[in-house]
Structure formats: C-alpha cells, structure tokens
Amino acid sequence: MRLTLTDYLAKHSASEGLTDVVTRMAETCAVISRAVAAGAIADQLGSAGQENVQQEEQKQLDVITNDLLLDAYAATPWVAGVASEEMETFVASSVTPNDGAFLVLFDPLDGSSNVDVNVSVGTIFSVLPSPAAGRALVEADFLQPGRAQIASGYALYGPQTMLVLTLGRGVVGFTLDPASGAWRLTHDAMTIPRATKEFAINMSNMRHWAPPIRGYIEDCLAGETGPRGKNYNMRWIASMVADVHRILVRGGVFLYPADARDPSKPGKLRLMYEGAPMALLVEQAGGRATDVTTDILDIVPTGLHQRIAVVLGSAEEVERVLAAG
Ligand code: P6P
C-alpha cells in the first residue's frame, strides 16, 4: 500500500507546525481540485468582473480558491500570516497573540485563464519562517530570499491531481486517490535529467526578446545540423505548474524572459509565489533556476509582487542559456 501524505509527514516533517501547514495546504488543494473539476456545472467559470492587484482580470475561481486558502490558515496558531497573488498585501492570522512560526504565500490558481478551456492549472505555495514572534507582522517580514524557504510545492489539477512537495530534502510527488481522497506517494524522488531536448517558451514573444535569448532559441530551432547538434521539441502550456511538472518528470528548460514589451517589468512571473517556490523544487531536484543574472533563490525581494525573468530546468540547458548571455 502506498504511503499517504500523512505517513510521509510523520516520517519526514521537521515539526508539528510544518505538518499542520502542509496538511492544511493539501486538504485545501483537494477541495480546489473538486471546484475546478466541477467547472461549468458549478457555474464558477469565467470572469469575477474585477481586477486583482496585478491589474489582471480575476476569474471567479481565482477568488474562490483564494478564499479557501485564507479560511484554511485564518485560525491556525502555526501561521503568522499569508500573502497571495490575488491580494495587495498580507493577511495576519486571527489568532492572538499571534506567534505563528510560519508565513505562507500562494498563487491560488496559477494559469487560471486555462480553466475556461479545460487545460491543466495549479496552486503554487511557499513556506517561510516568520521573524515576527512577539510583535505585529509587517510586509517586510515576507521579503526573504527563496533560500530561506522551509518548504514549497504545487498542486497540479490535470488528468491526475498531484501534490509535489519539497521540505528541503529532495522532491516527492503525491497523487490524489479519487476513491479514498487520500494523497498517495507516487513519485518518491523526483530528479531533473541534466540534459534535455525540450524547451518551453511562448514563441509569439520572440521579436521582443533580448539577443541572447533569441540566439539560444534559434540554435535550438536549428536542430541537429545547427550548433546544438540535436533536434529539439517545444512545449508551452501557458500554465507554469504544468510546464514545470513536465520538466520535473522528464527534463526540459522553461523560459519566461524579460522582453521589450514593457521595459519597466523585468519579466511576467512573480518572484515570491511563483519563481521562488518553483526554484526550490527545481534545485532540490538537481536542476537550476535563474533570472539570467542571479540564482532565483538568492534574489532578495523588494516587494510582495515583484516580477522576475525565469529560466529553470535541466542544469546543462540553463547553463547554455546563461552562456549565451
Ligand atoms: P503567457 C499564467 O498566467 C502564468 O502566470 C504562468 O502560469 C504561465 O507560465 C504564464 O503566465 C503564461 O504566460 O504570456 O504565455 O500567457
């Protein structure tokens, strides 16, 4: 019988508090999985008729999933506060005095525009230590580099619903058992192959890329008669969780570079609840993750919703992108 998440946490989690945090995330992601699967039947698809702090149109399920996660962490003594892609600033725990040891950050439904067309989406989460014991939490408490993360992971709502997690000692994957509702260990040591023949990038932005990125992709497109000496395949799901999951399972390189469309933005993806949690997973699986100048886990955040360029995946390929720079 496969280990459950509960068994795994009992064996590997460093503390009762971390077990509580991860268990609440997993339980909420199981609820989100059912909400996403209900789709049009539950009349929860489409726009919420408002924008989020990113000036992006919110889907109904963005709001629903964010509320589910807020409820999950509102009254636990272990969490001092949470922050989300969908909220301008953090929400402190309702427990007083709040001495929670952890901060939880999440993108509650990454790739949510895919839900309306029935393409895989996910929830991304990051767990940081809270430095605010004995005092009121402030936003600056969240602005810790990714290497400070105690845990990170994602839920992927695809053909299977999976939870992929690192507690800082490797990467494991659990599959939600539809029959029992239990998360069962199905991937007990996820590692990214060092080499790959597959890249993931939104090619429609090619004319906006800086020359090094353009040159790297052109070399891949040149195939076995070109400088790379091998043919490449391309994938782009436009759902970071799904693209990163494929890379964790079979290798590849994911690129969302800065581009000339908006020079004020160093990239599209957000550091705190997309780049940093994914970078921890990728590095724990033997890959690399960079914003093409710095390892993502070493970037000191300047804001909750800071955007960065992201290149992550098979170490050899990421190093090739860096060498192009
Ligand atoms: P584009 C989804 O909106 C997201 O934040 C990531 O999940 C995904 O990798 C990326 O944006 C897709 O961006 O510009 O290709 O739609």
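Because the structure is predicted, anything quoted here is derived from the model rather than measured.

Before we go on, may I ask you to explain the sheet that holds strand β3 (residues 79-84) in this structure?
Two strands in a sheet stick together by hydrogen bonds in their backbones, pointing the same way (parallel) or opposite ways (antiparallel). The mixed open sheet is built from eight strands, whose spatial order is β4-β3-β5-β6-β7-β8-β9-β10. The open sheet has two free edges, formed respectively by β4 (91-92) and β10 (183-187), since each of these has just one partner strand. Pairing geometry for strand β5 (residues 102-110) and strand β6 (residues 121-129), over seven bridges, is antiparallel. Counterpart to valine 104 in the pairing with β6 is valine 127. Helix-sheet contacts for helix α2 (residues 16-38) involve β3, β5, β6, β7 (151-157), β8 (161-166), β9 (171-176) and β10, and the interaxial angle to β5 is about 15 degrees. Of the strands in this sheet, β5, β6, β7 and β8 are in contact with helix α5 (residues 240-250), which crosses β7 at around 105 degrees.

Sorry if this is basic, but what is going on with the pattern of salt bridges here?
Pairs can form between side chains of opposite charge whenever their charged atoms are close. Summed over all chains, the structure comprises 21 salt bridges. For aspartate 295, the salt bridge is made with arginine 288, and the minimal N-O distance between the two is 3.1 Å.

Is there a simple way to think about unusual backbone geometry in this case?
The phi torsion of most residues other than glycine is negative, and most of the peptide bonds are trans. Positive phi, normally seen in glycine, also occurs at asparagine 118, with a value near 60 degrees. The residue asparagine 118 is located in the loop between β5 and β6 in this model. Take asparagine 118: its relative accessible area is 74%, and that puts it in the exposed class. In this structure, valine 292 is a non-glycine residue whose phi angle is positive, near 75 degrees. Tracing the sequence through the fold places valine 292 in the loop between β15 (288-290) and β16 (307-308).

So what exactly am I meant to see when it comes to the layout of surface pockets here?
With a probe scaled to a water molecule rolled over the atoms, the places where space remains empty come into view. Of the pockets and cavities examined, the largest pocket occupies roughly 480 Å³. The wall of the largest pocket is formed by 26 residues, among which Gly111, Ser113, Ala238, Lys268 and Arg270 lie closest to the centre. Among the elements of the structure, β2 (57-59), β5, α5, β13 (253-256) and β14 (269-270) are those that each provide at least two residues to the lining of the largest pocket. Class assignment for the residues of the lining of the largest pocket results in seven nonpolar, seven polar and twelve charged. Each pocket or cavity is described by its volume, and for the second largest pocket that value is around 260 Å³.

Would you take a moment to explain the site of the ligand for this structure?
Taken together, 13 residues form the shell around the ligand, and within it Asp110, Asn202, Trp236, Met240 and Tyr256 come nearest. Residue methionine 240 places a main-chain N or O atom 2.7 Å away from an oxygen atom belonging to the ligand. Surface burial for the ligand is 81%, taken as the share of its 400 Å² of free accessible area covered by protein chains. Put simply, the ligand lies in the largest pocket. Secondary-structure elements contributing two or more residues to the shell around the ligand are β13 and β14.

Teacher, can you tell me more about the domain arrangement of the protein here?
Think of interface size as the accessible area that goes away when the parts come together; that is how it is often given. Split into domains, the protein comes out as domain 1 (5-187) and domain 2 (198-324). With 47 residues of domain 1 at the interface, the matching set in domain 2 holds 32 residues. Here domain 1 packs against domain 2, burying approximately 2900 Å² in sum over the two surfaces, 62% of which is carbon and sulfur. With its nearest N and O atoms 3.0 Å apart, the salt bridge here joins glutamate 56 to arginine 270. The interface formed by domain 1 and domain 2 contains 17 residue pairs in polar contact (both at pLDDT 80 or more).

Before we go on, may I ask you to explain α5 in this structure?
For an α-helix the count is 3.6 residues per turn, leaving residues at separations of three or four pointing the same way. In terms of burial, α5 is a largely internal element, nine of the eleven residues being buried. Along α5, the residues that are buried comprise Met240, Val241, Ala242, Asp243, Val244, His245, Arg246, Ile247 and Leu248. Residue glycine 251 follows α5 closely and has a positive phi angle near 90 degrees.

About the thresholds
- Residues numbered from 1 in each chain as written.
- Predicted model: local features only at pLDDT ≥ 70, side-chain atom pairs only at ≥ 80, totals over all residues.
- Heavy atoms only, no water.
- Pairing = 2+ DSSP bridges.
- Helix = DSSP H or I, 4+ residues; strand = E, 2+ residues; numbered from the N terminus.
- Contact = heavy atoms within 4.5 Å.
- Axes fitted to C-alpha atoms, helices over the stretch in contact; angles between N-to-C directions.
- Salt bridge = Lys/Arg side-chain N within 4 Å of Asp/Glu carboxyl O.
- Buried < 20%, exposed > 50% of the residue type's maximum accessible area, 1.4 Å probe, protein only.
- 1 Å grid on protein atoms, 1.4 Å probe; cavity = no way out; pocket = protein on both sides within 12 Å on 5 of 7 lines; lining within 4 Å.
- Points joined across faces, edges and corners; volume = space filled by probe spheres on them.
- Nonpolar A, V, L, I, M, F, W, Y, C, P; charged D, E, K, R; others polar.
- Near = heavy atom within 4 Å.
- Polar contact = N/O pair within 3.5 Å; in protein donor to acceptor, adjacent residues only side chain to side chain.
- Areas by Shrake-Rupley, 256 points an atom, 1.4 Å probe, with all protein chains shown as cover.
- Sits in = over half its atoms within 2 Å of the grid points.
- Domains from an automatic or database assignment.
- Buried area = accessible area lost by both parts, 1.4 Å probe.

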